[in-house]
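# Examining the three-dimensional arrangement
The residues making up each chain are set out below.
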Amino acid sequence: MPHKKARLVGACVAAAALVWATPAMATAETKPYGVDVSNHDQGFDWGADGLSFGIAKASEGTSFADATFARNWAEIKKNGLVRGAYHFGRPGADPVRQADRFLDVVKKQGLDNGDLLILDLEVTDGRSAKEVNAWAKRWLERVRAATGVKPIFYSSWSFAQRHGDGLGDYPLWVAHYGKAKGEVSAPKPWKEWAIHQYASTDHDHNVASLSPMGLRDLGFHKRA
């Protein structure tokens, strides 16, 4: 029965192709998982199973430096994770001074190839949407000029959409707890997101749309 055999072989080939393709498909369960912490989350175990990346608060405003940053920064590296540092932005104060302060804090602990530099913007300090947007652009431009890398922009989904005009070229880390992990769409003007913060317990939970190597490609790279 050659026709029956041919159908059987075809079915087997199709099934094998499906099995082969499945692992390559990015799902919420296969996306790299990471956490972000600050001085509010002291003593996090960076050797915990299942981690691909870790992000730590470095600074806030023009003068605050997170006391836990040095430990977190060293432990993330020690455990072989992609690491990122973030600055909590305060639009009520000079963006250039804040950007420089952030870089000083990070560089003091060592800035390596693949390290992610991040602006966390989630407050207005009483400024208008236009003023907050201009502030963000200035901070991001300052860090980019100083390091040669586009910083990642972090915010909630709604805040990003309201204040992110013209920032769509910067990688997006978006917080949206109302969506299952990895199932969020990017707010305008972004077309895609790099990291989704989907929940918070004693620390914040995130998944990345990129592989660990892809995340490192977004990070700092020493100039030749």
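On a predicted model such as this, the values are computed, not experimentally measured, just so you know.

### Considering unusual backbone geometry
Residue P189 follows K188 across a cis peptide bond; omega there is 10°. Residues other than glycine seldom take positive phi values, yet D125 does so here, at roughly 50°. Within the fold, D125 resides in the loop between β5 (116–120) and α4 (129–147).

### Describing the side chain of H87
On the secondary structure map, H87 appears in strand β4 (residues 82–88). Reaching out from H87, the side chain makes a polar contact with the side chain of Q98 at a distance of 2.9 Å.

### Quick look at the pairing of strand β8 (residues 195–200)
Bridging between strand β7 (residues 172–175) and β8 involves 3 bridges; their strand directions are parallel. The partner of A175 across the bridge, within β8, is Q197. Relative to strand β9 (residues 204–208), β8 runs antiparallel, the two sharing 5 bridges. Bridge pairing links A199 to H205 in β9. Connecting the antiparallel pair β8 and β9 is a turn made up of 3 residues.

### Notes on the side chain of N206
Within the secondary structure, N206 sits in strand β9. Assessed through its relative accessible area of 0%, N206 is described here as buried. Looking at N206, its side chain comes within polar contact range of the side chain of D36, at 2.9 Å. Residue contacts for N206: discarding those within four places in its chain leaves P32, Y33, G34, V35, D36, F53, W173, I195, H196, Q197 and Y198.

### Examining the environment of S38
Along the chain, the position of S38 falls in the loop between β1 (33–37) and β2 (53–60). Relative accessible area serves as the criterion here: at 7%, S38 is assigned to the buried category. Those residues in contact with S38 that lie beyond four places of it in its chain are K57, D66, T68 and Y86.

### Here we look at the nonpolar core
One broad rule of soluble globular proteins: the nonpolar side chains tend to lie buried together. Among the nonpolar cores identified, the biggest contains 42 residues, and V106 and F153 are the most heavily contacted of them. Among the elements of the structure, β1, β2, α2 (69–78), α3 (95–109), β5, α4, α5 (157–163) and β7 are those that each provide at least two residues to this core. Per element, the largest residue contribution to this core is 6 residues, and it comes from α4. When residues no more than four places from it in sequence are discounted, the contact partners of V106 are A58, F69, W73, A85, L111 and L117.

How each quantity is defined
- Residues numbered from 1 in each chain as written.
- Predicted model: local features only at pLDDT ≥ 70, side-chain atom pairs only at ≥ 80, totals over all residues.
- Heavy atoms only, no water.
- Helix = DSSP H or I, 4+ residues; strand = E, 2+ residues; numbered from the N terminus.
- Polar contact = N/O pair within 3.5 Å; in protein donor to acceptor, adjacent residues only side chain to side chain.
- Pairing = 2+ DSSP bridges.
- Buried < 20%, exposed > 50% of the residue type's maximum accessible area, 1.4 Å probe, protein only.
- Contact = heavy atoms within 4.5 Å.
- Core = buried A, V, L, I, M, F, W, Y, C linked by side-chain atoms within 4.5 Å.

Just distances and angles here, no functional claims.
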